Amino acid sequence: MEILNNYSGLISLIAAVAAIGAVVVPVIIYKLQRRNELKAAFEREQKERRDAQDELDAMNLNASPFSMCDYTKMELARARYLWKKAGKK
């Protein structure tokens, strides 16, 4: 019992550090996970844009209305969708 009385301050300090650690560690883990999720979403979006641009290049469409008269409505709708997805106007 005398040991507990002598080291009571140290024991309470360790308990306080453990309580703070129990709050801080999950917050740090959450921030790291969130940052990784945002990074993955950004990379996924960039990949989708590159894929859309590649498909537009494969379709060989220009933004000129005179070059579009030979295409069907479905091809033009797909081209508009890809332009929007690729971030073009």
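The rules behind each value
Residues numbered from 1 in each chain as written. Predicted model: local features only at pLDDT ≥ 70, side-chain atom pairs only at ≥ 80, totals over all residues. Heavy atoms only, no water. Salt bridge = Lys/Arg side-chain N within 4 Å of Asp/Glu carboxyl O. Helix = DSSP H or I, 4+ residues; strand = E, 2+ residues; numbered from the N terminus. pLDDT = per-residue confidence, 0-100.

*Asks:* Before we move on, could you go through the pattern of salt bridges and cite the residues and values that matter?
*Replies:* Here the structure, examined in full by the defined rule, presents four salt bridges. Between Glu37 and Arg34 there is a salt bridge; the shortest N-O distance is 3.9 Å. Of this pair, Glu37 and Arg34 both sit in helix 2 (residues 8-59), three residues apart, which is roughly one turn of that helix. Among the salt bridges present, the one from Arg49 reaches Glu45, with a minimum N-O distance of 3.7 Å.

*Asks:* Could you give an account of the confidence of the model for the chain, naming the residues involved and the relevant values?
*Replies:* The pLDDT averaged across the chain works out to 86; a share of 88% of its residues lies at or above 70. Here helix 1 (residues 2-6) is the element of the chain with the lowest mean pLDDT, 81, and helix 2 is the one with the highest, 93.

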